[in-house]
Amino acid sequence: MGVSAHVLAVDAGNSKTDVAVVSADGEVLSTARGGGFRPPAVGVDTAVRGLAETVGRALADAGLASVDHVSACLANADFPVEEEELARALRERAWGTSVTVRNDTFAILRAGATEPRGVAVVCGAGINCVGMRPDGRTARFPAIGRISGDWGGGWGLSEEALWHAARAEDGRGGPTALSRTLPAHFGLPSMYALIEALHLERVPAPRRHELAPVLFATAAQGDAVARAIVERQAEEVVAMAVVALTRLDLLSEPAPVLLGGSVLAARHPQLNNRIAQLLADRAPKAVPRVVTARPVLGAALLGLDQLGAREGAQERLRAHYGV
């Protein structure tokens, strides 16, 4: 790798995109932020055109027309065939000599690991898990919802809380304080009123995600139903992590299990403590750690890995992001 080599790092999520241009020695030359990246909603071509504006600003600020390698960690790249389609679309833009596209969960993993080795579980709006080894082996899940066996994340937790609260209020289910705390969050007197408001969109559907913190607060107050939902989320996180560790032959040796996404980064004591307990039982050599670093750091580190970055580059890059 020449001293003048550069990486274009892209972390594109559903709500925002972060881009960084990084030199071979780990210096960040420029950054840019743009809107969300949603190929399933708008199509690959439209999504990449939106990405081009953000990338263009970053390259211009760095004084470059292109780079040696593009390391892109993208939301909605859930299957290898989708990664390949997106990689072709990025290569057509000629931003770099080579292009690697990965699911955005890999950015969380690399941001939290000192080498490309370990497992990451991301629990944000949904849930996903990936793992990797330095030899290039990876473990992953489709992670597209119930049809791929997934449960949880902020959206799933909110839906589950609403289900139990509705049944508690009308008598089909056992009692839970959720039947009071969920509608109260929106200033409403009952679950009936909240159900009506959601159905008629007086409370916009995207605001349902606000109910996940209400669920955790209700659980912290001792509500049995809310606590059971949180316990189930811990079980799901650990199940994914243990399967990924097993697939990569990492179960019998010390390996990081990185926990990212808004739900896990919030460090709710019941959830995170239970995850640690379950991992200690099922994967005693695993080292769980919450990752709060910006995922674009992970995309950039993966790019430097690809180019065989010199000693000290990783440390310089991490220092820029305060890690």
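Okay, so let's go over this structure. (Residues numbered from 1 in each chain as written. Predicted model: local features only at pLDDT ≥ 70, side-chain atom pairs only at ≥ 80, totals over all residues. Heavy atoms only, no water.)

1. Quick word on helix 11 (residues 269-282)
Helical geometry: 3.6 residues make up each α-helical turn, so side chains three or four residues apart lie on a common side.
Piece 1. Here helix 11 spans 20 Å end to end across 14 residues, near enough to the 20 Å set by a 1.5 Å rise per residue.
Piece 2. Within helix 11, the full set of buried residues consists of Q270, L271, N272, I275, L278 and L279.
Piece 3. Each element contacted by the buried residues of helix 11 is listed here: helix 8 (211-220), helix 9 (224-247), strand 9 (255-260), helix 10 (262-265) and strand 10 (286-290). (Helix = DSSP H or I, 4+ residues; strand = E, 2+ residues; numbered from the N terminus. Expected span 1.5 Å × (residues − 1). Buried < 20%, exposed > 50% of the residue type's maximum accessible area, 1.4 Å probe, protein only. Contact = heavy atoms within 4.5 Å.)

2. With respect to the sheet that holds strand 1 (residues 6-12)
Piece 1. One open sheet accounts for five strands, arranged 3-2-1-4-5; its pairing is mixed. Taken across any chain shown, the strands that pair with only one partner, and hence form the sheet edges, are strand 3 (28-35) and strand 5 (96-103). Going across the sheet, the axis of each strand differs from the next one's by a mean of 15°, ignoring polarity.
Piece 2. Its contacts with the sheet place helix 3 (residues 80-92) against strand 4 (67-74) and strand 5, and it is angled at close to 150° to strand 5. (Pairing = 2+ DSSP bridges. Axes fitted to C-alpha atoms, helices over the stretch in contact; angles between N-to-C directions.)

3. Overview of a nonpolar patch on the surface
Piece 1. Nonpolar side chains collect at one region of the surface, where F79, V81, I144 and I147 lie side by side and expose about 410 Å² of accessible area between them.
Piece 2. Tracing the chain through its elements places V81 in helix 3. (Patch = residues over 30% accessible without salt bridge, like charges linked within 9 Å, V, L, I, M, F, W, Y side chains within 5 Å. Areas by Shrake-Rupley, 256 points an atom, 1.4 Å probe, with all protein chains shown as cover. Salt bridge = Lys/Arg side-chain N within 4 Å of Asp/Glu carboxyl O.)

4. Some words on the layout of surface pockets
The gaps of empty space that remain are located by a probe, the size of a water molecule, rolled over the atoms.
Piece 1. Taken as a whole, the largest pocket spans an internal volume of roughly 1500 Å³.
Piece 2. Broken down by secondary-structure element, the contributors of at least two residues to the lining of the largest pocket are strand 1, helix 4 (105-112), strand 7 (127-132), helix 5 (153-170), helix 8 and helix 10.
Piece 3. For the lining of the largest pocket, the element with the highest residue contribution is helix 5, accounting for six residues.
Piece 4. When grouped by side-chain class, the residues that make up the lining of the largest pocket number 21 nonpolar, 18 polar and nine charged. (1 Å grid on protein atoms, 1.4 Å probe; cavity = no way out; pocket = protein on both sides within 12 Å on 5 of 7 lines; lining within 4 Å. Points joined across faces, edges and corners; volume = space filled by probe spheres on them. Nonpolar A, V, L, I, M, F, W, Y, C, P; charged D, E, K, R; others polar.)

5. Examining helix 6 (residues 178-185)
Piece 1. All buried positions along helix 6 are accounted for by L178, S179, L182 and P183. Down the axis, helix 6 shows its buried residues gathered within 115° of arc, on one side only.
Piece 2. Summarising the contacts, the buried residues of helix 6 are in contact with helix 5, helix 7 (191-199), helix 8 and helix 9.
Piece 3. Within two residues after helix 6, G187 carries a phi angle of roughly 70°, on the positive side. (Arc of directions from axis to C-beta.)

6. Concerning the pattern of salt bridges
Piece 1. Counted according to the given criterion, the structure contains 15 salt bridges.
Piece 2. One salt bridge in this structure joins K16 and D18, with 3.8 Å as the shortest N-O distance.
Piece 3. For R208, the salt bridge goes to E159, with nearest N and O atoms at 2.9 Å. Linking R208 in the loop between helix 7 and helix 8 with E159 in helix 5, this pair joins segments that are 49 residues apart in sequence.
Piece 4. Within this structure, K16, D18, R33 and R294 form a network of salt bridges that share partners.

Just distances and angles here, no functional claims.
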